[in-house]
Amino acid sequence: MDTERAKALVISEIEARHHQLGELSQKIHSNPELGFQEVKAADWLTRYLEECGFSIERGICELPTAFRGSYGQGKPAIAILAEYDALPDVGHACGHNLIAASAIGAAVACKSAIDRFGGSIIVTGTPAEELYGGKAIMADRGAFDNLDIAMMVHPGTHDVVTTEALACQTLEVEFFGEAAHAAARPEAGINALEAMIQSFNAINSLRQHIKPESRLHGIITDGGKAANVVPAHSAGIFMVRAEDDTYLDVLKQRVLNCFIGAATASGARLEYKWGDIRYAPMRNNLTLARLFRQNLQSLGREVLLSDPGNAFGSTDFGNVSQLVPGIHPFVAIASPVAAIHSSEFTAAAASEAGIQGLLDAAKALAMTVVDLVANPEIVVKVKAEFAGKISGQAQKKPRRN
Ligand SMILES: [Zn+2]
Ligand SMILES: [Zn+2]
């Protein structure tokens, strides 16, 4: 059986499971579960894999809704990552129901190729992408050790094979001042809200003089209780994002200095805490990205190498991509102007276009697995790029004026 024949087989396998995969996705969509509470989704997904002959480990990495389903034992060990958490209020507005079903569909379809060429296919169930960075925790606990390649596909607004994701860490801050009557005894007060406002202004000034890909943003979660009382307490949450880890460390200190300066100026006492989860920047494996792109294009989609909108976020797949050669492409399921995390995207994640995206993602993933298990030299190339022995880098994006 040659590669093309094996690809035709995985495609027909996914088409045969079209209704089951669609149902699985819709079931998760109709039962949105928040991060680390995805009990039903993890149960449905592991059961499906088990029925298809995968060996299942539930609750891996001491996370009850994380799992691993594997088929085959050999090398290369290729993981397809599934996400299945939803968002508060807007449900599956990130379409993780489609990610889960596409991962399952792809892995199950690959069985014939694994039987024929060897290697192993693993579905890694990764909970809590949205709120807690589940993959960052799993990466620290060894979930991605011993893998050769990791892939997943996210629904989006363009067909694009690379992801620009920034290093990111959250900062929680509090100022403690002194309450006083705001009109009768203002001189007796120390204004914790003013300390917060000065911090915002300092960060806004700083923003002019940082690298363009960086992002600094925050909210005030406590700004006082009554207008006639000098606020004795204020609190806020900020996010600091940068293109790489080194610059993230530089920016973290500069942002913190804004709060320290405001504390000195106002006389309020500062307390702060950096978030436990540090998102790593995405490392796209371009050898793998081009392979996936060819496969997705063969299904009739026009696929871009990078996002035309230059949109940056952060994802816990970044942490995976630092350990294992990987890709995190997007398949379009909504119009280019639709916003992810909106109720419009929730609807798209349950639409016909959503299901079509799921099937195309599953097919392209499975075809890419076929390429990898049937052609060991491609795996060598993917790993050489990861090790920095060959350059997979496309030319840097032109700077915008
Ligand atoms: Zn999201
Ligand atoms: Zn998402």
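This is a predicted model, so every value here is computed, not measured.

## Here we look at the packing of aromatic side chains
- For the structure on display, the rule yields 6 aromatic pairs.
- Here Phe36 and Tyr132 contribute two aromatic rings whose centre-to-centre distance is 5.4 Å and whose plane-to-plane angle is 20°, an arrangement assigned as stacked. Placement of Phe36 in the loop between α2 (18-30) and α3 (39-51) and of Tyr132 in helix α6 (residues 129-132) is noted, with a sequence separation of 96 residues between them.
- Judged by relative accessible area, which is 41%, Tyr132 ranks as partly exposed.
- Ring geometry for Phe175 versus Phe259: centroids 6.3 Å apart, planes at 35°, classification tilted. Taken together, the residues Phe175 in strand β7 (residues 167-176) and Phe259 in helix α9 (residues 245-266) connect sequence positions 84 residues apart.
- Of the residues examined, Phe259 reaches a relative accessible area of 0% and is grouped as buried.
- The lysine or arginine in question, Lys211, covers the ring of Tyr247, its NZ or CZ lying 4.5 Å from the ring centre.
- If you follow Arg283 out to its NZ or CZ, it ends over the ring of Phe386, 4.2 Å from the centre.

## Section: the coordination of the zinc ion (ligand 1)
- Distances from the zinc ion (ligand 1) to its protein donors, Cys94 (SG), Glu130 (OE), Glu130 (OE) and His341 (NE2), fall within 2.0 to 2.7 Å.
- Spacing between the donor residues of the zinc ion (ligand 1) along their common chain follows C-x35-E-x210-H.
- Separating the zinc ion (ligand 1) from the zinc ion (ligand 2) is a gap of 3.1 Å, bridged by Cys94, which donates to each. Linking Cys94 in the loop between β3 (77-82) and α4 (96-109) with His341 in the loop between β12 (330-332) and α12 (343-348), this pair joins segments that are 247 residues apart in sequence.

## Focus: the coordination of the zinc ion (ligand 2)
- Every protein donor of the zinc ion (ligand 2) is accounted for by Cys94 (SG), His96 (NE2) and His154 (NE2), and the metal-donor separations fall at 2.1 to 2.3 Å.
- Read from N- to C-terminus, the donor residues coordinating the zinc ion (ligand 2) fall into the pattern C-x1-H-x57-H.

## Quick word on the sheet that holds strand β4 (residues 120-125)
- Here we have 6 strands laid out as an open sheet, ordered β1-β2-β4-β3-β5-β11, and mixed in their pairing. Edge positions in the open sheet fall to β1 (55-58) and β11 (326-327), since each of these has one partner strand only.
- Here β3 runs beside β4; their pairing, made up of 6 bridges, is parallel. Residue pairing in the sheet places Ala82 in a bridge with Gly125 of β4.

Conventions adopted
- Residues numbered from 1 in each chain as written.
- Chains lettered and ligands numbered in written order.
- Predicted model: local features only at pLDDT ≥ 70, side-chain atom pairs only at ≥ 80, totals over all residues.
- Heavy atoms only, no water.
- Phe/Tyr/Trp six-rings, centres within 6.5 Å; stacked < 30°, edge-to-face > 60°.
- Helix = DSSP H or I, 4+ residues; strand = E, 2+ residues; numbered from the N terminus.
- Buried < 20%, exposed > 50% of the residue type's maximum accessible area, 1.4 Å probe, protein only.
- Lys NZ or Arg CZ within 6 Å of the ring centre and 35° of its normal.
- Donors = N, O, S within 2.8 Å, 3.2 Å for Na, K, Ca; no water.
- Pairing = 2+ DSSP bridges.

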